[in-house]
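In case you want the letters, here they are:
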Amino acid sequence: MIGIAYGQNGPHVDDELRIPVRSWLEDCEKYKPLGWDSYYHFDSILVSDMMEYNMLGVCIPHRKTLLINRQILGDEFLLKLVVYHEMGHCMLGKGHICSRISLMNPTMEMYSMRDYEELWNVLLMDYMNGGVGIPCPELRCLPSF
Ligand SMILES: [Zn+2]
């Protein structure tokens, strides 16, 4: 690991996203999931005003940019969940998991936010350890991320 990210300070992160992004980084420094250090070569993690109401966040790999919908900024837990999900796509190269509750399940309506909060530590371990499930069908239900 010598020399990784040498001279790199990581992406620009909008102020509103600093807390969940810092939390993701701290968890990654602790658990070291494969690929997390690509964070330091990423370009921007931004709040977007231009997103469709049903799109909570999006990773744009070729622009090394991650966008979070401004409409979810008031909900601290949902924001953290969406940031971890999108960072999973952008930094860890993760796809979606549809067969069970997961930080990478794109369908918010299948489980309650309370389920996610109560299971957070279990879901985090699954996420960090590269758990896989059944990939999602192309057509997705709303809202999604
Ligand atoms: Zn997704």
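Being a predicted model, the structure only gives us computed values, none of them experimental. (Residues numbered from 1 in each chain as written. Predicted model: local features only at pLDDT ≥ 70, side-chain atom pairs only at ≥ 80, totals over all residues.)

Undergrad: Mind showing me how you'd approach the environment of R70 here?
TA: Checked against the element boundaries, R70 lands in the loop between β4 (65–69) and α2 (76–90). What R70 contacts, discounting residues up to four positions off in sequence, is V47, S48 and D49. (Helix = DSSP H or I, 4+ residues; strand = E, 2+ residues; numbered from the N terminus. Contact = placed C-beta atoms within 7 Å.)

Undergrad: Looking at this model, I keep getting lost on the nonpolar core. Mind explaining?
TA: Across soluble globular proteins, nonpolar side chains have a tendency to be buried as a group. Judged by nonpolar contacts, the single largest core of 25 residues is most densely connected at V83 and Y84. With seven residues, α2 is the largest single contributor of residues to this core. Apart from the residues lying within four places of it in its own chain, the contact partners of Y84 are W24, L103 and Y127. (Core = buried A, V, L, I, M, F, W, Y, C linked by C-beta atoms within 7 Å. Buried ≥ 20, exposed ≤ 12 C-beta atoms within 10 Å, placed from the backbone.)

Undergrad: Just to check I follow, could you spell out the sheet that holds strand β1 (residues 12–13) for this structure?
TA: Two orientations exist for strands paired in a sheet by backbone hydrogen bonds: parallel and antiparallel. Spatially, the four strands line up as an open sheet ordered β1-β2-β4-β3, and their pairing is mixed. Edge positions in the sheet fall to β1 and β3 (57–60), since each has one partner strand and no second. As paired strands, β1 and strand β2 (residues 44–48) are joined by two bridges and run parallel to one another. Bridge assignment links H12 to a residue of β2, and that residue is S44. Contacts between α2 and the sheet are confined to β3 and β4, with β3 contributing the most and set at about 20° to the helix. (Pairing = 2+ DSSP bridges. Axes fitted to C-alpha atoms, helices over the stretch in contact; angles between N-to-C directions.)

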